[in-house]
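Take a look at the letters that make up each chain.
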Amino acid sequence: MTSQQVIIHVRFAPNGRVIQISERPAKLTPNQWFDVLNTRAGSTYRPLARGRGVFRLARAAVEAFKQETARPG
């Protein structure tokens with residue numbers, strides 16, 4: 001993994017709701033940020049054991065997703 005890649009960690013509650021996710025913009029809930037990443041980069045998601053998962057993305061992609069969500073609309 002290069003320094004240009006980011007691993008975004010996700011933790012789920014037993015009911016399937018996202019309770020924690022890294023790199024989240026302040027204005028989005030954990031579920032909203034997961035939905036953004038899943039919609040735009042779902043193929044990079046890997047489930048892990050015990051209600052966890054990770055997205056492996058380029059830093060530029062993460063920054064682009066954050067900018068898109070910051071736009072008024």
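Here the structure is shown first, and the text comes after it.
Residues take numbers from 1 onward in each chain, read along the sequence in its written order. Only residues with pLDDT of 70 or above have their local features reported here, since the model is predicted, and side-chain atom pairs are shown and tallied only from 80 upward, although totals for entire chains, interfaces and linings are computed over all residues. Here the side-chain values reflect all heavy atoms present in the structure, with hydrogen atoms and water set aside.

### Here we look at the packing of aromatic side chains
Okay, step 1: Aromatic pairing here means that ring centres of Phe, Tyr or Trp (its six-membered ring) are within 6.5 Å. Orientation follows from the plane angle: under 30 degrees is stacked, over 60 is edge-to-face, and everything else is tilted. Inspection of every chain in the model, using the stated rule, returns 4 aromatic pairs.
Okay, step 2: Consider the rings of Phe12 and Phe34, whose centres lie 5.5 Å apart with planes at 85 degrees: the pair is edge-to-face. A residue pair is termed long-range when its members are at least 10 positions apart, and Phe12 in strand S1 (residues 5–12) and Phe34 in helix H1 (residues 30–41) qualify at 22 residues.
Okay, step 3: Relative accessibility under 20% of the residue-type maximum defines a buried residue, over 50% an exposed one, and the middle range a partly exposed one, all with a 1.4 Å probe and only protein chains included. By relative accessible area, which is 13% here, Phe34 ends up buried.
Okay, step 4: Plain terms: the ring middles of Tyr45 and Phe55 are 5.0 Å apart, the flat faces sit at 55 degrees to each other, and that makes the pair tilted. On the criterion of sequence distance, the pair formed by Tyr45 in strand S3 (residues 45–48) and Phe55 in strand S4 (residues 52–58) is long-range, its members being 10 residues apart.
Okay, step 5: Residue class for Tyr45 comes out buried when judged on its relative accessible area of 17%. Helix numbers and strand numbers start at the N terminus; a helix is a DSSP run of H or I with at least 4 residues, a strand a run of E with at least 2.

### Considering the side chain of Asn31
Okay, step 1: By the secondary structure assignment, Asn31 is in helix H1.
Okay, step 2: Classification of Asn31 by relative accessible area gives buried; the value is 16%.
Okay, step 3: Each residue touching Asn31, except ones within four places of it in the same chain, is listed here: Arg17 and Val18. The criterion used for residue contact is that any of the two residues' heavy atoms lie within 4.5 Å.

### So, the sheet that holds S1
Okay, step 1: Two strands pair if DSSP finds at least two bridges between them. Taken in spatial order, the 4 strands line up as S2-S1-S4-S3 in an open sheet, and their pairing is antiparallel. In this open sheet, the two edge strands, each paired with only one partner strand, are strand S2 (18–21) and S3. Each neighbouring strand pair of the sheet contributes to a mean axis angle of 25 degrees, computed without reference to strand direction.
Okay, step 2: Sheet analysis places S3 next to S4, joined by 4 bridges and oriented antiparallel. Of the residues in S4, the one forming a bridge with Pro47 is Gly53.
Okay, step 3: Against the sheet, H1 contacts S1, S2, S3 and S4, and its axis sits at roughly 75 degrees relative to S2. In this analysis, axes come from line fits to C-alpha atoms, helices being fitted only over the stretch in contact, and the angle between any two N-to-C directions falls in the range 0 to 180 degrees.

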